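Listed here are the chains, written in short residue letters.
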Amino acid sequence: QVQLVESGGGLVQAGGSLRLSCAASGRTFSTYSMGWLRQAPGKEREFVAAISRSTGIKYYVDSVKGRFTIDRDNAKNTVYLQIDSLKPEDTAVYYCAATLRTYGLSWIRSYDYWGQGTQVTVSS
């Protein structure tokens, strides 16, 4: 089992940047594929980005490609989401999630463990 704690959210103007962090407990962080997902007010939770535990391959939803970058530091048990060129439509609660799977990482149901979320608000 793994526990996840996100940080780094906040209020930022459009065009700005944020770096979200997700710290994981436990000694087996490297065995988990990690994802970032978000939920905007009145909308369903959606996949944003993921990084595979085995290959390090990164996956992104089309709407964030070129603006968001996911990375992990297994020595620090942390996964990051660098968010650049923020848009008002990026406003959402951002969740970190973990799974032992190496496939289907864009499926919300693939994730077994979730953090509490961090709010990102982008003003126009």
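What comes next is a walk through the structure. Quantities reported herein were computed from a predicted structural model and do not represent experimental measurements. (Residues numbered from 1 in each chain as written. Predicted model: local features only at pLDDT ≥ 70, side-chain atom pairs only at ≥ 80, totals over all residues. Heavy atoms only, no water.)

Helices and strands together make up the secondary structure of the protein, namely zero helices and eleven strands. Put simply, the protein runs from its N terminus to its C terminus through helices and strands in the order β-β-β-β-β-β-β-β-β-β-β. Computed over the C-alpha atoms, the radius of gyration of the protein is 13 Å, within 12% of the 14 Å expected from 2.2 N^0.38 for a compact globule of 124 residues. Out of the 124 residues in the protein, the part that is buried amounts to 44%. (Helix = DSSP H or I, 4+ residues; strand = E, 2+ residues; numbered from the N terminus. Rg over C-alpha atoms; globule rule 2.2 N^0.38 Å. Buried < 20%, exposed > 50% of the residue type's maximum accessible area, 1.4 Å probe, protein only.)

Bringing the packing of aromatic side chains into the picture now. Under the definition given, this model contains three aromatic pairs. Considering the side-chain rings of tyrosine 32 and tyrosine 113, the 5.9 Å spacing of their centres and the 85° angle between planes classify their relative orientation as edge-to-face. One end of the pair, tyrosine 32, is in the loop between strand E3 (18-24) and strand E4 (33-39); the other, tyrosine 113, is in strand E10 (residues 113-114), with 81 residues separating them in the sequence. Under the relative-accessibility criterion, tyrosine 32 is labelled buried at 5%. (Phe/Tyr/Trp six-rings, centres within 6.5 Å; stacked < 30°, edge-to-face > 60°.)

Attention now moves to the environment of serine 30. Relative to the helices and strands, serine 30 resides in the loop between E3 and E4. It is 6.2 Å that separates the C-alpha atoms of serine 30 and arginine 53, two residues lying 23 residues apart in sequence. If sequence neighbours within four positions are ignored, serine 30 has contacts with Arg53, Arg72 and Asn74. (Contact = heavy atoms within 4.5 Å.)

This paragraph deals with the sheet that holds strand E7 (residues 68-73). Here we have four strands laid out as an open sheet, ordered E1-E3-E8-E7, and antiparallel in their pairing. Lying at the two open borders of the sheet, with one neighbouring strand each, are strand E1 (4-7) and E7. Across the sheet, the axes of successive neighbouring strands diverge by a mean angle of 15°, strand direction being ignored. Here E1 runs beside E3; their pairing, made up of four bridges, is antiparallel. If you follow glutamate 6 over to E3, its bridge partner there is cysteine 22. (Pairing = 2+ DSSP bridges. Axes fitted to C-alpha atoms, helices over the stretch in contact; angles between N-to-C directions.)

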